[in-house]
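Residues per chain, in single letters:
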Amino acid sequence: MVAEVYTDAELEALRQFPDIGREELFRFFTLTPADMAFVDPGRGRGPADRLGLAVALCSLPWLGFVPDDVACAPPAAVARLAEQLRIDPGEIRSYGRRAKTRTEHLRLAARYLGWRAPTTLELKELDEFLLARAMEHDSPTLLFRLACEYLISAKVIRPGPVIVVKRVGHAREIARRETFDRLAHEFTDERCAALDGLLEVDPEIGMTRLRWLGKGPVEASAAAVKAEVGKLEFLRAMGAHTLDLSVLPAERRRFLATIGRRLTGQALARREPERRYPILLTLVAQSATEVLDEVIVLFDQAVSARESKAGHKMSEALAERAKAGEDRQVLLDAILAIAADPAVPDEQVGALIRGETIGWQRLRAARSTALPRLPRDHGHLASLDGSYSYLRQFTPHVLEAVAFAGGTAANELLAAVAILRQLNATGARKVPADAPAGFVPARWRGYLADATKSGNTSAYRHYWELCVLLALRDALRSGDVWVPGSRRYADPAAYLLTCEQWADQRAEFCRLVGKPADAALALAGVQDELHTALGELEQALAAGDGLVRLDERGELVISPLPAETIPTEAETLKAELTEMLPFAPIVSLLIEMDQHTGLLDCFTHAGGKHTRTPELKRNLIAVLLAQATNLGLTRMADACGISYNILVWTAEWYVREETLRAANLALIGYHRKLPLTPVFGSGTVSSSDGQRFPTRGKSVTARALSRYFAHEGLSTYTHVTDQHTIYGTKIIVATKREAHYVLDEILGNATDIPITEHATDTHGVTLVNFALFDLLGLQLSPRIRDLGKITLYRTGPKSDVDAVFPLAGPLLTRRANLDLIAAHWDDLLRLAGSLKFGHATASLLVGKLSASTRQNALAGALKEYGALRRTIYAARYLSDVAYRRKISRQLNKGESLHALKRDLLYAHEGTLRGRHLEQQTEQAWCLTLVTNAVVTWTTEYYGLAVEQLRRTGRRIDDDVLAHISPAHSENINFFGSIDVDIEGELAALGPTGHRPLRVTDTLF
């Protein structure tokens, strides 16, 4: 068991002192007066014993144990203690030659600190702790670390690593049995036979049902929708939708499902029933929810695609209609010229029109070519009717398979869905006379009225059914209608903290975000902010000659912000630093960054086990580069000489979103500690923007956008700090609003980066976002296109505002509904609190609130509050040129990282070939990870080069360095042969762990 987890070398390392960081050095190796008295020479100890005892005293709370070879403690720690004790650090070499001395000193230090040796009772408590954690996590290395942390918190001296590893293994085995026992009531003979059937090849589909369930759709076609409905019906026949696995922790369920997705049917069949059935049951239960969500997503996309196609067809028809009516327009102009001429008497108008000026022939010709009057929607619904037969291929299946629910506002629509479902089941063609139609938009009611008037029941059925389908799609988007059992389309109330939960967490949330729970106090504060911001804008407008001014009509004129001038000194310095930096192949760079950050250790086996072979890091680097450069595993195998099968296995079991995120956090954490990093920014400001990539092959995430792609493509939405690192990446559909995803990575930020302000471009802005950012204690600072045309809000009567702010006041054309905000203030806080405490995903809620066509009270209050916050922001933005530059500078940092990513993703012309969201997400994170590695490497070497120049007496100001971006690739080779020789690369580094600069460097 121990050998499966750690090698002998790793076990030996666990018995020794690790490297120590600066924070740990000061935290654990600082002696108090009491500590000094404890090792006082009055007790008859010599210098070596005093120093050794001090090391033991500080090592115990740091490590949870004291290594046998105390003399091998980190030199920095020994030197720090020696300085405090006024002893020569070299004395440590003569300490502890007698084992009895070391043992006695450990006993004394433990007694002094209140620690105790592990007894049967302590080890039993450790076993209980490990079992609870093993039910959540199956990684032995993680459990070992948690066990060590537990022992430290309990002040119990850690036993040898072999003992701890054995107890970890025992806990994992008990957790497996406990998992099976908790689910035993589900494993009836019939259920077990059905689960085993998933692993057998089904002749009907030519593969195992397990593989069939794992194959996601690649396009939103009628066939794809019906295929997903077929999966849903298959899972329901197994009773998957009724399974309640809440007896297992969520992490355990996620772990088991992950294993089930990665193992082949043959591998699962070889596992003993106690392990096989929980994996399959969890996978089936999770698949039931995911397939249900997929059915609705495909329904939405397929209907929307046909609606969009109808829109294009309508536009073409309108263009043709305009061409056909050109002669009639000329005739109309001629008639108007006569009728509107005051010199022509009334009694002569008709004669001139019917006479020689125009003539009967032209009038009759124009009348004969008269086109029918267009409906209110210009024929959009009529164009969509051309796709009626196509939609009928899958919509009846969706309505039959999916149950819908909703609030009182959706009662008519739900009744219409029930009637349509009944019509589909019975084959009836005529819509009942009492079928509801109140949900039909005004622009389409004319179609129903005309069909009723003419008695055309077939046309009425077509138009009514199309209205039902489109209204159902929109209601699902807004949350007016939801789907029981769904995760993405659940009841919106389920995304919010319950009233009881909120009552317990309200005070804590208000303290964290700095918002009062009382609506009156909150709105008074907002009005004060608005007053201050308007005062600043009034002063800027009064100047009359700035970048922001009023024209003669009193309209706002916003001149473009002149490009920021980069000091010539900065450009010269960057060129000089670039010449000093060493050249490095991208492989060497990753090896070096792993040596400094341990990022490759973050890639753990999805099964939570397996010892890490010496070749694993080599294989991981090859996989990361294959994805980041877009070479792919096949061409990477040819380039680096590693077997394709090995690369596929490594990618399948080690490279996934959670491990990529962990590795990225390791890089960001290291980058933040580099001396040069604070020069770039405080780390409290970030920005987000989308970057589009073309795709090859069909994919449900790909869309056609002729402005960006020759065929189809997708967007990666990335979040960037003001220190030039990417802390979030998400794949989104290129046609979706980026604003829905702005908050996701900020709230889900697992780093300790204290983001307080966030910049976006126009695509990241909605009133909902302005409101939520403020309610969460954050500042949204977008660069809004056509800012002068947005509606600005005031809080009082127009006359009062104009009197106080004669220039800025008239710009505020609408009054905010403060009463609505005050009435729902607590609900607004609860909504923000649900996001803050991770109860809901921001993109899900923002999307539903933004899509709501029927403004419910909460959405209305949120948008009113957002309009106020946007007004305050706009006034501040317009009056402060430095603030505008700060936002532009931050957005430019994101653009520079986009350029670096483009350089990295060079193979196959930068076209992504992954067809499923999971594959695309993993590739996007691989690209992000390697991009951050380049930025971190460059930042570190820029810092070394600057340090070298300063040692020669050169003055280099931080203000100049702030203009130099580390998103720089001139010193890195992305191309050529890929030889992953970790040992050789590490041997080439100097004594400080760095490559020598390309000048005489005193460090080497």
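(A) Representation of the overall build of the protein within the structure. For the protein, the count of helices and strands is 45 helices and 15 strands. A separation of at least 24 residues holds for 76% of the contacts in the protein among residues at least 6 apart in sequence. Split by element, the accessible area of the protein, about 46,400 Å² in all, is 52% carbon and sulfur. Distance between charge centroids for the protein: 2 Å, based on 120 positive and 123 negative side chains.

(B) Fine view of helix H43 (residues 917-951). Between its first and last C-alpha, H43 extends 51 Å over 35 residues, near the 51 Å set by a 1.5 Å rise per residue. The buried count for H43 comes to 29 of 35 residues, which makes it a mostly enclosed element. Positive backbone phi, approximately 95°, marks Gly953, located one or two places after H43.

(C) Representation of unusual backbone geometry within the structure. The phi dihedral of Asn630 is positive, around 70°, even though this residue is not glycine. Checked against the element boundaries, Asn630 lands in the loop between helix H30 (616-628) and helix H31 (632-640). For Glu909, which is not glycine, the phi torsion reads 55° and is therefore positive. For Glu909, the position within the fold is in the loop between helix H42 (881-904) and H43.

(D) Quick look at the pattern of salt bridges. As enumerated under the stated definition, the model contains 43 salt bridges in all. We note a salt bridge from Asp601 to Lys617, for which the minimum N-O separation is 3.8 Å. In this pair, Asp601 is assigned in the loop between helix H29 (586-597) and H30 and Lys617 in helix H30, connecting sequence segments 16 residues apart. On the accessibility criterion, Asp601 (44% relative accessible area) is partly exposed. The salt bridge partner of Asp957 is Arg955, with a shortest N-O separation of 3.0 Å. Note on Arg955: relative accessible area 68%, which makes it exposed.

(E) View of the sheet that holds strand E10 (residues 726-732). Sheet architecture is open: five strands sit in the order E10-E9-E8-E11-E12, paired in mixed fashion. Among the strands making up the open sheet, the edge pair consists of E10 and strand E12 (779-780).

(F) Summary view of the nonpolar core. Phe404, Trp464, Leu577 and Phe603 are the most contacted members of the largest nonpolar core, which totals 188 residues. Here the element with the most residues in this core is helix H16 (residues 273-324); it accounts for 18 residues. When neighbours within four sequence positions are excluded, Trp464 is seen to be in contact with Ala416, Ile419, Leu420, Leu423, Val431, Ala435, Pro436, Phe439 and Leu448. Judged by nonpolar contacts, the second largest core, of 79 residues, contains Val742, Phe773, Ile790 and Val846.

(G) Quick peek at the confidence of the model for the protein. Overall, the prediction assigns the protein a mean pLDDT of 89, with 97% of residues at 70 or greater. Every residue in residues 1000-1004 is under pLDDT 50, and counting partners more than four places away or in other chains gives 14 contacts.

(H) Seen up close, the packing of aromatic side chains. Enumeration over the complete set of coordinates arrives at 18 aromatic pairs. Here Phe180 and Phe187 contribute two aromatic rings whose centre-to-centre distance is 5.2 Å and whose plane-to-plane angle is 20°, an arrangement assigned as stacked. You can call Phe187 buried: its relative accessible area is 12%. Summarising the aromatic geometry, the rings of Phe770 and Tyr873 are spaced 5.7 Å apart at their centres and angled 45° between planes, so their arrangement reads as tilted.

(I) Seen up close, the pairing of strand E8 (residues 685-695). A large share of E8 lies buried, amounting to 10 of its 11 residues. Note: E8 against strand E11 (residues 757-759), three bridges, orientation parallel. Residue Val685 lies in a different strand from E11, and its bridge partner there is Glu757. In this sheet, strand E9 (residues 712-721) lies alongside E8 in antiparallel orientation, the contact comprising 10 bridges. Opposite Gly690, over in E9, you have Tyr717 as the bridge partner.

(J) Focus on helix H28 (residues 568-580). Taking 1.5 Å as the rise per residue, H28 with 13 residues should run 18 Å; its terminal C-alpha atoms sit 19 Å apart, in good agreement. Of the positions making up H28, those classed as buried are Ala570, Leu573, Leu577, Thr578 and Met580. In an axial view of H28, the angular spread of the buried residues amounts to 155°, which keeps them on one side of the axis. Structural note: H28 exposes Thr568 and Glu579 on the side pointing more than 90 degrees away from its buried face.

(K) Representation of the pairing of E10 within the structure. Burial analysis of E10 places six of its seven residues in the buried class, the great majority of the element. The pairing of E9 with E10 spans six bridges and is antiparallel. Bridge pairing links Val720 to Ile726 in E10. As consecutive antiparallel partners, E9 and E10 are separated by four residues, and within that stretch His724 has a phi angle of approximately 75°, a positive value.

(L) Looking closely at the side chain of Gln723. Inspection of the secondary structure assignment puts Gln723 in the loop between E9 and E10. According to the relative accessible area criterion, Gln723 is buried, its value standing at 6%. A distance of 3.0 Å separates the side chain of Gln723 from the backbone oxygen of Gly681, its partner in a polar contact. Those residues in contact with Gln723 that lie beyond four places of it in its chain are His671, Arg672, Thr677, Pro678, Phe680, Gly681, Ser682 and Gly683.

(M) Main features of the packing of helix H39 (residues 825-836) against helix H41 (residues 857-879). Relative orientation of the contacting elements H39 and H41 amounts to 85°, with a least axis distance of 10 Å. Judged on the interaxial angle alone, H41 and H39 are roughly perpendicular. For the pair H39 and H41, the contacting residues are Trp825, Asp827, Leu828 and Leu831 in the first and Leu858, Ala861, Leu862 and Tyr865 in the second. In terms of residue class, the contact of H39 with H41 is built from seven nonpolar, no polar and one charged.

(N) Representation of the side chain of Asn630. Residue Asn630 is classed as buried on the basis of its relative accessible area of 2%. At a separation of 2.7 Å, a polar atom in the side chain of Asn630 contacts the side chain of Gln923.

Rules used in this analysis
- Residues numbered from 1 in each chain as written.
- Predicted model: local features only at pLDDT ≥ 70, side-chain atom pairs only at ≥ 80, totals over all residues.
- Heavy atoms only, no water.
- Helix = DSSP H or I, 4+ residues; strand = E, 2+ residues; numbered from the N terminus.
- Contact = heavy atoms within 4.5 Å.
- Areas by Shrake-Rupley, 256 points an atom, 1.4 Å probe, with all protein chains shown as cover.
- Lys, Arg positive; Asp, Glu negative; His and termini not counted.
- Charge placed at Lys NZ, Arg CZ, Asp CG, Glu CD.
- Expected span 1.5 Å × (residues − 1).
- Buried < 20%, exposed > 50% of the residue type's maximum accessible area, 1.4 Å probe, protein only.
- Salt bridge = Lys/Arg side-chain N within 4 Å of Asp/Glu carboxyl O.
- Pairing = 2+ DSSP bridges.
- Core = buried A, V, L, I, M, F, W, Y, C linked by side-chain atoms within 4.5 Å.
- pLDDT = per-residue confidence, 0-100.
- Phe/Tyr/Trp six-rings, centres within 6.5 Å; stacked < 30°, edge-to-face > 60°.
- Arc of directions from axis to C-beta.
- Polar contact = N/O pair within 3.5 Å; in protein donor to acceptor, adjacent residues only side chain to side chain.
- Axes fitted to C-alpha atoms, helices over the stretch in contact; angles between N-to-C directions.
- Parallel < 35°, antiparallel > 145°, perpendicular 65-115°, else oblique.
- Nonpolar A, V, L, I, M, F, W, Y, C, P; charged D, E, K, R; others polar.

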